[in-house]
Amino acid sequence: IQDTYTVRLSVAPTSSVTVQLTYDNQIELQEGGVTVSSLTFTTANWNVDRTITVKARNDMVRENRLVSRIVHSFGSADPRYASAPQANVDVRVLDDDSPKVLVTESGGST
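Just so it is clear, the structure is predicted and the values come from calculations on it, not from any experiment. (Residues numbered from 1 in each chain as written. Predicted model: local features only at pLDDT ≥ 70, side-chain atom pairs only at ≥ 80, totals over all residues. Heavy atoms only, no water.)

Caption draft 1: Region of interest: the overall build of the protein chain. Tallying secondary structure elements over the protein chain gives one helix and eight strands in all. Traced from its N-terminal end to its C-terminal end, the protein chain shows the element sequence β-β-β-β-β-β-β-α-β. Put simply, the protein chain has 110 residues, and 32% of those count as buried. If you take every contact in the protein chain between residues at least 6 apart in sequence, the share linking residues at least 24 apart comes to 67%. When the accessible surface of the protein chain is split by element, carbon and sulfur atoms take 49% of a total near 7,000 Å². (Helix = DSSP H or I, 4+ residues; strand = E, 2+ residues; numbered from the N terminus. Buried < 20%, exposed > 50% of the residue type's maximum accessible area, 1.4 Å probe, protein only. Contact = heavy atoms within 4.5 Å. Areas by Shrake-Rupley, 256 points an atom, 1.4 Å probe, with all protein chains shown as cover.)

What follows is the structure, given as structure tokens:
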């Protein structure tokens, strides 16, 4: 089971911005099928959505459901982003090593 979310900057930067992605070893983040730990935005692509895929790390160990936090911190010569607070995304992780059936309720009833 995997899911995606998008990242982009909300204000045009005056110089490149690196968004550092910090997360635990229970998940893996990918962009275009490649594992990522940071995203770089320039003055040319700051408003282009970057799609990140989140999935449970395939570690061959059975684990219970858990919540993992993805921390987004900013580095830039642009003072708006250099002093920007980190942004957090909490994701529910369903282990990919446990044989189970997942039923997700839709529209308030299943």
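From this point, things continue past the structure.
Caption draft 2: View of the pairing of strand E3 (residues 27–31). For E3, the buried fraction is high: four of the five residues fall into the buried class. Of the strand pairs in this sheet, E3 and strand E6 (residues 50–56) are connected by four bridges, and their pairing is antiparallel. In the sheet register, Glu28 faces E6, and the bridge partner there is Lys55. Pairing between E3 and strand E4 (residues 34–35): two bridges, direction antiparallel. Its bridge partner being in E4, Glu31 is matched across the sheet by Val34. What sits between the antiparallel neighbours E3 and E4 is a turn of two residues, in which Gly32 has the positive phi angle 65°. (Pairing = 2+ DSSP bridges.)

Caption draft 3: Broad picture of the pattern of salt bridges. Inspection of every chain in the model, using the stated rule, returns four salt bridges. Between Glu31 and Arg50 there is a salt bridge, with the nearest N and O atoms lying 2.6 Å from each other. Taken as a pair, Glu31 in strand E3 and Arg50 in strand E6 lie far apart in primary sequence, 19 residues in all. A residue is classified by how much of its surface remains accessible, and Arg50, at 17% relative accessible area, is buried. Taking the shortest distance from any N to any O, the salt bridge between Arg80 and Asp78 comes out at 3.2 Å. For Arg80, a relative accessible area of 43% corresponds to the partly exposed category. (Salt bridge = Lys/Arg side-chain N within 4 Å of Asp/Glu carboxyl O.)

Caption draft 4: Looking closely at the packing of aromatic side chains. The tally for this structure, following the rule as stated, stands at one aromatic pair. The interplanar angle of 50° and the centroid separation of 6.2 Å between the aromatic rings of Phe74 and Tyr81 together place this pair among those described as tilted. Its relative accessible area of 7% is what places Tyr81 among the buried residues. Directly above the aromatic system of Phe41 lies the positively charged group of Arg50, at a separation of 5.3 Å from the ring centroid. (Phe/Tyr/Trp six-rings, centres within 6.5 Å; stacked < 30°, edge-to-face > 60°. Lys NZ or Arg CZ within 6 Å of the ring centre and 35° of its normal.)

Caption draft 5: Quick look at the sheet that holds strand E1 (residues 2–7). Spatially, the four strands line up as an open sheet ordered E1-E6-E3-E4, and their pairing is antiparallel. Only two strands of the sheet have a single neighbouring strand rather than two, namely E1 and E4.

Caption draft 6: Representation of the side chain of Ser68 in the model. Along the chain, Ser68 falls in strand E7 (residues 66–76). Looking at Ser68, its side chain comes within polar contact range of the side chain of Asp24, at 2.9 Å. Leave out the neighbours within four places in its chain, and Ser68 touches Asp24, Gln26, Ile27, Val89, Asp90, Val91 and Val93. (Polar contact = N/O pair within 3.5 Å; in protein donor to acceptor, adjacent residues only side chain to side chain.)

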